[in-house]
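# Residue-level structural notes
Next come the chains, spelled out residue by residue.
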Amino acid sequence: MNIKNYINGIFINPTEGNYIDNYNPSNGEVYSQIPNSTKEDVEKAYEAAEKAFPSWSNTALVARSKILFKIAELIKGKLHFLAEAESKDNGKPISLAKAIDIPRAAANFQFYANAITQFSSEAHESIGLNAMNFTLRQPIGVVGCISPWNLPLYLFSWKIAPAIAAGNCVVAKPSEITPMTAFLLGEICTEAGLPKGVLNIVHGLGTTTGQAIVEHPNIKAISFTGGTKTGAHIARVAAPMFKKLSLELGGKNPNIIFADCDYEKMLETTVRSSFANQGQICLCGSRIFVEEKIYDKFKKDFIKKVKQLKVGHPSKPNTDIGALVSKEHLEKIEAYVEIAENEGGRILCGGLEVTIPGYENGYYFQPTIIEVTDNSCRINQEEVFGPIVTIMPFKTDKEALQLANDTKYGLSSTLWTNNLNRTMQFSKQLHTGIVWVNTWMLRDLRTPFGGQKASGIGREGGFEALRFFTEPKNICIQYE
Ligand code: TXE
């Protein structure tokens, strides 16, 4: 099946007619082809978006909102179909796609359908100067949205929904590794009555198609989620053009466990925060620090639970861990196990590729726990983004905080304790954009989402995304 670009409301082939293979991670087979779009295709998408902008940006909020609600409704109606497509394209368990990915994609559109009707701006009366200021928050124009492969439709829609809700027109590119649900979204948008050109989806490689979006002189803002290295490159390209940038990048998130926590809840959640989506979530807690008092008990219980996780074909209902997204990614994970071992890490469980009968060429890997003694080792400093976590003991609060912050990343952290003072001290002193206390990945879409340090700049979510996708303009009127 050939995926096509969605430009100006219709599906079209790439100008030069070149395609890239799209693999099914569960069996390693090519099952579709995607356009290898060029600069010309991005230009076509831009022109369609630019043409649609005057009318879309002047469309009444309730009318925009109604279309977004309709998109959400159609996604919900196609839950099974979209979840199957996502699972096949990405390798994630179908149960996860059904429970998280697709419902969240619908929720993104639903949330911004509501939010845009509540979004308002400020007024400042300059008393004594006979002047009144008010702020217009105007849509930017044509914006670029570039998303990764780990949560394909979930993150694609997380950018598109606020962008179009705010009145922009979009040139979007999903990851070339997981293009399928973005392709299917085109049809849904047409069915929902989204005017042509408001959303244009161009498929292709990051270094060509993605680069063309970032380099385009009239695409004025870029919202990107992906690797830190790519984010730094995009920032370099975009800076001389003074583009607005939102960068959601990698993480090396600490999971700090104190003896006074609710142990059973912590244990169960830690299995999830370590290995959900094969550990391919930027929010996964990949560095686990455990208070010395309970370290041995935790180690024993954690290993036992992790060994029970079932690695299997993504379509099987009892699969906990599906396939990794690509062969290259599997090789990266394997290389990190070797690096960790060479640096003195002790593999407590996992560490090996898994062969699933009937799917021998799929990309499966055991959930892996590595015990380390030094936070400066590469496995604790570099983003692996797979089913590998490390564990390490600590003695004091001070030491735990120092270990947690000792990383170039700053996306999220998880803290397990029932001590209120400790909760407040850590919440204030952790250098991360998000701190979860006694929970993990509990998401309220109104909250600011994003990282500090090498985890990115800017925040998504709630009104933060609407602020990003609008340009504030101050109007100052003096009166007699
Ligand atoms: O991401 P890339 P990759 C991390 C994770 C992973 C590593 C590399 O550690 O192992 O990044 O993954 C597009 N101009 N994360 O290589 O390349 C690309 O086509 C414009 C964390 O898959 O950053 C895709 O659409 N766009 C992350 C998107 O960027 C470019 C999730 C992300 O791809 C481009 C995924 C360019 N020059 C990986 N080069 C998270 N934070 O959740 C690539 N792209």
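Read on for a plain summary of the structure. (Residues numbered from 1 in each chain as written. Predicted model: local features only at pLDDT ≥ 70, side-chain atom pairs only at ≥ 80, totals over all residues. Heavy atoms only, no water.)

Strands sit in the order E5-E6-E24 across an open sheet of 3 strands; the sheet is antiparallel. Strands at the two margins of the open sheet, each flanked by one partner only, are strand E5 (123-126) and strand E24 (470-478). The average angle at which neighbouring strand axes cross in this sheet is 20 degrees, direction not considered. Pairing of E5 with strand E6 (residues 131-139) involves 4 bridges; the strand directions are antiparallel. The residue of E6 that forms the bridge with Ser126 is Ala131. (Pairing = 2+ DSSP bridges. Helix = DSSP H or I, 4+ residues; strand = E, 2+ residues; numbered from the N terminus. Axes fitted to C-alpha atoms, helices over the stretch in contact; angles between N-to-C directions.)

All told, the structure shown has 11 aromatic pairs when counted by the stated rule. Residues Phe111 and Tyr112 carry aromatic rings whose centres are separated by 4.9 Å and whose planes lie at 85 degrees to one another, so their mutual orientation is edge-to-face. Of the two residues, Phe111 and Tyr112, neither departs from the other in class, the shared state being buried. Measuring from ring centre to ring centre gives 5.3 Å for Trp149 and Phe385, while their planes differ by 80 degrees; the resulting arrangement is edge-to-face. Remark: Phe385 occurs in the loop between helix H12 (378-381) and strand E18 (388-394) and Trp149 occurs in the loop between strand E7 (142-146) and helix H5 (152-165); sequence separation between them is 236 residues. A residue is classified by how much of its surface remains accessible, and Trp149, at 15% relative accessible area, is buried. With relative accessibility at 15%, the residue Phe385 sits in the buried group. Here a set of aromatic residues connected by ring pairs shows up, and it is made of Tyr6, Phe11 and Phe183. Its guanidinium or amino end placed over the ring of Phe258, Arg422 lies 3.8 Å from that ring's centre, counting from NZ or CZ. (Phe/Tyr/Trp six-rings, centres within 6.5 Å; stacked < 30°, edge-to-face > 60°. Buried < 20%, exposed > 50% of the residue type's maximum accessible area, 1.4 Å probe, protein only. Lys NZ or Arg CZ within 6 Å of the ring centre and 35° of its normal.)

Let us now look at the environment of Phe426. With respect to the helices, strands and loops of the structure, Phe426 is situated in helix H14 (residues 420-429). Once the C-alpha coordinates of Phe426 and Asn8 are considered, the two residues, 418 residues apart in sequence, prove to be 49 Å apart. The residues touching Phe426, leaving out its near neighbours within four places in the chain, are Ile256, Phe258, Asp397, Ala400, Leu401 and Leu415. (Contact = heavy atoms within 4.5 Å.)

Turning to the pairing of strand E21 (residues 434-437), a few remarks are in order. In regular strands, side chains alternate between the two faces of the sheet. Every second residue of E21 is oriented toward a common face, the buried set being Ile434 and Trp436 and the non-buried set Val435 and Val437. Judged from the 4 bridges that link them, strand E20 (residues 412-416) and E21 form a sheet pairing that is parallel. When the sheet's bridge partners are listed, Ser413 is paired in E21 with Val435. As for the winding sense of the linkage, the β-α-β connection from E20 through H14 to E21 is right-handed. (Right-handed = clockwise from strand over helix to strand, strands pointing away.)

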